[in-house]
Amino acid sequence: MTAVQEKQDLYFKRYAELEKERAGCEPSWLRDVRRTAIDRFGDLGFPTTHHEEWRFTNVAPIARTSFAPSAAVRSGTVSRDLPGSVLTGEPWIETGRVLAFVNGRFAPHYSTLGLLPDGVRVVNMAQAISGRSHSAIEAHLTRYAGYEDHAFVALNTALFEDGALVEVRPNTVLKDPLALVFITVPGSEPGVTHPRNLIMVGAGAQASFVEFHVGVGSNGASTVPYFTNAVTELVAGENAMVDHTRIQQETDHGYHVGILQTEQGRSSRVTTHSIALGGRLDREEVRAVLNGEGAEALLYGLYVIGGSQHVDNHTLIDHAKPHCASREVYKGVLDGHAGGVFNGKIAVRKDAQKTDSKQSNKNLLLSEDATINTKPQLEIYADDVKCTHGATIGQIDAEAVFYLRSRGIGLAEARNLLIQAFANDILDRIKFEPLRASLRETLGARLHLVRSAQNGGQKPEHVSNLDEVG
């Protein structure tokens with residue numbers, strides 16, 4: 001038996017334990033789905049670099065590590081000051097409503113939902129599943145994020161214990177963003193969590209959400225690896241308007257796989273923002289299905305990494321109906337020996353005539369050792385469409401640096417100003433000002449850490465031009 005197979009057997013053992021614990025607590029349809037999902041995980045196994053979709057991302061560190069379920073951190077088990085410091089350090093959280101989870105379990109002491117508007121239901125998934133009414137959950141949960149060809153989704157479907165269930169009824173307006181905060185406090189042994197979220201926004205409703213994944217003990221405070229395997233399904237009804245921002249800020253020893261699957265109805269508009277700043281190895285997936293005429297999808301992404309970090313962004317925009325539009329802009333800033341991947345696919349089905357889709361990926365390399373593999377794709381089966389895509393890879397414009405320095409700005413500050421201008425093109429698209437301001441501040445600190453980690457903060461000035469800054 002190989003080492004990887006032994007580690008996979010641990011997940012089957014955990015599934016068997018959970019199946020006994022859940023007996024009589026979960027509806028039969030969900031137990032059947034879980035059983036099918038764990039069987040499918042057994043068939044698929046962890047992906048390798050021989051799989052086309054994982055060609056540039058080696059998940060062997062995940063497959064070979066004995067990740068046990070993270071300790072069930074409930075109220076009083078962990079000092080409130082530790083995870084609480086994460087929340088108080090983010091001013092945007094204090095202005096909104098928060099559903100918080102610590103090591104994969106609902107944490108009521110860190111949740112501040114307050115009085116929700118009429119027509120909005122927010123509850124943790126474990127409570128919702130154990131409740132008496134499952135009709136809304138059954139119609140949507142596990143129905144969109146397919147596990148037939150995705151091992152990590154299959155693993156999440158089989159093993160998830162908690163997460164967020166959000167229901168915004170038709171024609172309801174949720175003015176302030178709802179924050180779904182997932183805090184990981186590493187223990188003495190490698191731990192894993194499988195958060196599962198379901199967001200349902202009814203016809204004509206308007207809502208915005210922030211999904212925040214953060215690890216406690218970054219910058220070497222904890223050297224124990226941990227793994228977060230998160231799946232979010234978002235359903236937007238006819239004429240609904242939804243804004244979803246996903247922030248990944250794990251520690252230097254965190255492994256993260258995050259999947260966002262959206263399903264859009266007629267004339268709906270869904271805007272997603274994917275911000276990846278932390279983690280040792282991160283896989284970010286956004287899959288959008290435009291399943292109603294006139295639907296619009298806007299996908300924006302930013303990844304800022306250094307050292308030996310690796311971030312893989314995979315996106316799929318599936319134009320399933322005619323007269324739909326999509327716009328996608330992803331930008332990356334890479335330093336040190338960091339590795340990045342962008343694979344963006346636009347699929348236009350046979351009957352999806354009058355599709356209008358544009359995709360762009362731009363990357364800024366700050367080090368000669370940083371690498372990026374970018375692959376924009378078009379798969380078109382209709383004949384009356386407007387689709388474009390493109391990618392650029394470059395370095396800081398030496399002329400722009402010279403211009404700033406000629407006006408009394410130091411070299412390091414000039415470079416950071418240009419990098420921030422490049423990244424702010426994505427951050428400026430976030431509508432919630434407190435969150436936007438917080439991310440700008442985080443980006444500034446992140447750039448300082450990335451730069452200072454390389455040769456004491458001194459870098460040679462590159463002379464190549466980037467096609468576009470900002």
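Structure first, text after, so check above.
The rules we used
- Residues numbered from 1 in each chain as written.
- Predicted model: local features only at pLDDT ≥ 70, side-chain atom pairs only at ≥ 80, totals over all residues.
- Heavy atoms only, no water.
- Phe/Tyr/Trp six-rings, centres within 6.5 Å; stacked < 30°, edge-to-face > 60°.
- Helix = DSSP H or I, 4+ residues; strand = E, 2+ residues; numbered from the N terminus.
- Buried < 20%, exposed > 50% of the residue type's maximum accessible area, 1.4 Å probe, protein only.
- Lys NZ or Arg CZ within 6 Å of the ring centre and 35° of its normal.
- Salt bridge = Lys/Arg side-chain N within 4 Å of Asp/Glu carboxyl O.
- 1 Å grid on protein atoms, 1.4 Å probe; cavity = no way out; pocket = protein on both sides within 12 Å on 5 of 7 lines; lining within 4 Å.
- Points joined across faces, edges and corners; volume = space filled by probe spheres on them.
- Nonpolar A, V, L, I, M, F, W, Y, C, P; charged D, E, K, R; others polar.

Colleague: I keep staring at the packing of aromatic side chains and nothing clicks. Help me out?
Modeller: The description of two aromatic rings rests on the distance between their centres and on the angle between their planes. Inspection of every chain in the model, using the stated rule, returns 12 aromatic pairs. Aromatic side chains Phe46 and Phe152 sit 5.7 Å apart centroid to centroid with 50° between the ring planes, which places their arrangement in the tilted category. One end of the pair, Phe46, is in the loop between helix H2 (28-44) and helix H3 (60-63); the other, Phe152, is in helix H8 (residues 151-159), with 106 residues separating them in the sequence. Like Phe46, the residue Phe152 is buried in the burial classification. Pairwise contacts between aromatic rings join Tyr11, Phe12, Phe41, Phe46, Trp54, Phe67, Phe152, Phe227 and Tyr255 into one cluster. The positively charged end of Arg283 is found above the aromatic ring belonging to Trp54, 3.6 Å away from the centroid. Here Lys331 stacks its cationic end above the ring of Phe422, 4.4 Å away from the centre of that ring.

Colleague: Any chance you could explain the pattern of salt bridges here in plain terms?
Modeller: Proximity of charged atoms lets side chains of opposite charge pair with each other. According to the stated counting rule, one finds 23 salt bridges in the structure shown. One salt bridge in this structure joins Glu52 and Arg55, with 3.5 Å as the shortest N-O distance. For Arg246, the salt bridge identified is with Glu211, shortest N-O distance 3.4 Å. Here Glu211 lies in strand E9 (residues 206-215) and Arg246 lies in strand E11 (residues 241-249), a separation of 35 residues in the sequence. Taking relative accessible area as the criterion, Arg246 reaches 4% and is therefore assigned buried. What makes Glu211 buried here is its relative accessible area of 1%.

Colleague: Would you take a moment to explain the layout of surface pockets for this structure?
Modeller: In this approach a probe as big as a water molecule rolls over the atoms, and the regions it shows empty are the leftover space. When its volume is computed, the second largest pocket comes out at roughly 430 Å³. If you go around the second largest pocket, you meet 20 residues; those closest to its centre are Glu53, Trp54, Asp149, Arg283 and Arg287. Those elements giving two or more residues to the lining of the second largest pocket turn out to be strand E14 (281-290), strand E16 (310-319) and strand E18 (339-348). Ranked by residues supplied to the lining of the second largest pocket, first place goes to E14 with four residues. Per-class residue counts for the lining of the second largest pocket are six nonpolar, seven polar and seven charged.

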